[in-house]
Amino acid sequence: MNSSTQKSIKSLSIAILVIGGLSLIYTYVQMVSQLWLHTFITPIVWNPEIKGWQIFILSGHYVGITLLFVLCCIFLYRINKGLKEGEIFPKSNIALIRWTALLSALLAFVHTNYNAVVKGESVLEVDSNTILIPLIVLLFAGLYRMAYLAAKDSKLAI
């Protein structure tokens with residue numbers, strides 16, 4: 001792969017990490033503001049009947065977003081490392097994308113219930129995104145696997 005393509009992928013990776021980092025910082029500021037400062041637009045209303053559910057959804061939201069950012073960092077690191085070594089599609093990213101599908105299911109479920117939990121409402125919702133988003137991510141994992149196998153076959157042919 002030529003160096004200009006590697007440079008553009010590296011630049012794009014840096015841009016993704018910066019935007020993702022800013023989004024993560026915003027999420028943490030939102031969390032601190034909602035939980036302790038009560039200056040956010042919608043402070044959390046604690047409902048004693050569903051406090052465990054509220055803690056599960058809130059912690060799932062913040063831990064899930066953090067893990068998603070970490071998985072993204074690992075993915076981009078492996079891509080850039082693989083490009084330096086001449087491997088376009090590192091095999092280890094296939095499993096990483098599959099774990100991301102599982103995490104995206106959790107995040108979609110949490111996102112659906114987040115607003116009700118913040119308002120203290122006893123509601124359990126599941127929408128189509130809880131199933132659709134992980135399936136799309138799994139589709140990309142399959143496509144990535146096919147690309148890995150095609151790159152491996154073309155290396156053997158040479």
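The coordinates are above.
Here, residues in each chain are numbered from 1, in the same order as that chain's written sequence. Confidence filtering applies because this is a predicted model: local features only for residues at pLDDT of at least 70, side-chain atom pairs given and counted only at 80 or more, and all residues used for totals across whole chains, interfaces and linings. With hydrogens and water set aside, each side-chain value is computed from the structure's full complement of heavy atoms.

Asks: What is the right way to read a nonpolar patch on the surface from this model?
Replies: Taken together, Leu132, Ile136, Leu139, Phe140, Leu143 and Met146 make up a surface patch of nonpolar side chains, about 600 Å² in accessible area. By definition, any uninterrupted DSSP run of H or I lasting at least four residues is a helix, any uninterrupted run of E lasting at least two residues is a strand, and each is numbered from the N terminus. Of note, Ile136 is situated in helix α4 (residues 129–157). Three exposure classes are used, based on accessible area relative to the maximum for each residue type with a 1.4 Å probe and protein chains only: buried under 20%, partly exposed in between, and exposed over 50%. Relative accessible area serves as the criterion here: at 39%, Ile136 is assigned to the partly exposed category. Each patch is built from residues that are more than 30% exposed by relative accessible area and take part in no salt bridge. Like charges join if they lie within 9 Å; nonpolar side chains (Val, Leu, Ile, Met, Phe, Trp, Tyr) join within 5 Å. The Shrake-Rupley method, run with a 1.4 Å probe sphere, supplies the accessible areas, and residue values consider only the shown protein chains as cover. Here, a salt bridge means any side-chain nitrogen of Lys or Arg that lies within 4 Å of a carboxyl oxygen of Asp or Glu.

Asks: Quick question: what am I supposed to make of helix α1 (residues 3–37) here?
Replies: At 3.6 residues per turn, the α-helix brings residues three or four places apart onto the same side. The span one expects for a helix is its residue count, reduced by one, times 1.5 Å. With 35 residues, α1 extends 49 Å between its outermost C-alpha atoms, agreeing within 8% with the 51 Å of an ideal straight helix rising 1.5 Å per residue. Among all positions of α1, only Ser13, Gly21, Leu24, Thr27, Gln30, Met31, Ser33 and Gln34 are buried. Contacts made by the buried residues of α1 are with α2 (51–84) and α3 (92–118). The contact criterion used is simple: two residues touch if any of their non-hydrogen atoms lie within 4.5 Å.

Asks: I tried to follow the environment of Glu49 on my own but got confused; where do I start?
Replies: Within the secondary structure layout, Glu49 lies in the loop between α1 and α2. For the pair Glu49 and Glu121, spaced 72 residues apart in the sequence, the C-alpha separation amounts to 9.7 Å.

Asks: Looking at this structure, I do not really get the nonpolar core. What am I missing?
Replies: The nonpolar side chains of soluble globular proteins are, as a tendency, buried together. Nonpolar cores are built from buried Ala, Val, Leu, Ile, Met, Phe, Trp, Tyr and Cys residues. Side-chain atoms within 4.5 Å join them into one set. Ranked by size, the top nonpolar core spans ten residues in total: Met31, Ile44, Ile57, Leu58, Tyr62, Phe109, Val110, Tyr114, Val117 and Val118. At the level of secondary structure, the elements contributing two or more residues to this core comprise α2 and α3. Grouped together as the second largest cluster of nonpolar side chains are nine residues, Leu83, Ile97, Ala101 and Ala141 included.

Asks: Mind showing me how you'd approach the packing of α1 against α2 here?
Replies: Axis geometry follows a simple rule: fit a line to the C-alpha atoms, using only the stretch in contact for helices, then measure angles between N-to-C directions, giving values from 0 to 180 degrees. Viewed as axis vectors pointing N to C, α1 and α2 meet at an angle of 165°, and their least axial separation amounts to 10 Å. Taken together, the axes of α1 and α2 lie roughly antiparallel to each other. Once α1 is placed against α2, the crossing between them reads as left-handed. By the definition adopted for this analysis, an angle is roughly parallel if under 35 degrees, roughly antiparallel if over 145, roughly perpendicular if from 65 to 115, and oblique otherwise. Note on convention: near helix rotated counterclockwise from far helix by under a right angle means a left-handed crossing. Clockwise means right-handed.

Asks: Help me understand α3 in this model?
Replies: End to end, α3 covers 38 Å across 27 residues, agreeing with the expected 39 Å (1.5 Å per residue, within 8%). At the C-terminal side of α3, Gly120 shows a positive phi close to 80°.

Asks: Would you explain a positive patch on the surface in this entry?
Replies: Among the surface-exposed residues, Lys91, Arg98, Arg145 and Lys152 lie close enough to one another that they form a single positively charged patch. Structurally, the position occupied by Arg145 is in helix α4. Think of it this way: Lys and Arg go in the positive column, Asp and Glu in the negative one, and His and the chain ends go nowhere. A charged residue contributes its charge at one atom only: NZ of Lys, CZ of Arg, CG of Asp or CD of Glu.

Asks: What's the story with the packing of aromatic side chains in this structure? I'm lost.
Replies: The geometry of an aromatic ring pair is captured by two quantities: the separation of the ring centres and the angle between the planes. Note on ring pairs: Phe, Tyr and Trp rings are taken, using the six-membered ring of Trp, and paired if centres are within 6.5 Å. Classes follow the plane angle, with under 30 degrees stacked, over 60 edge-to-face and the rest tilted. Inspection of every chain in the model, using the stated rule, returns four aromatic pairs. Arranged with centres 5.3 Å apart and planes meeting at 90°, the rings of Phe89 and Tyr144 form a pair that is edge-to-face. Separated by 55 residues along the polypeptide, Phe89 in the loop between α2 and α3 and Tyr144 in helix α4 bring together distant segments of the chain. Judged by relative accessible area, which is 9%, Tyr144 ranks as buried. Taken together, the ring pairs in this structure connect Trp53, Phe56 and Phe109 into an aromatic cluster. For a lysine, the NZ atom is tested; for an arginine, the CZ atom; a charge sits over a ring if that atom is within 6 Å of the ring centre and within 35 degrees of the ring normal. Lys51 extends its terminal NZ or CZ atom over the ring of Trp46, reaching a point 5.5 Å from the ring centre.

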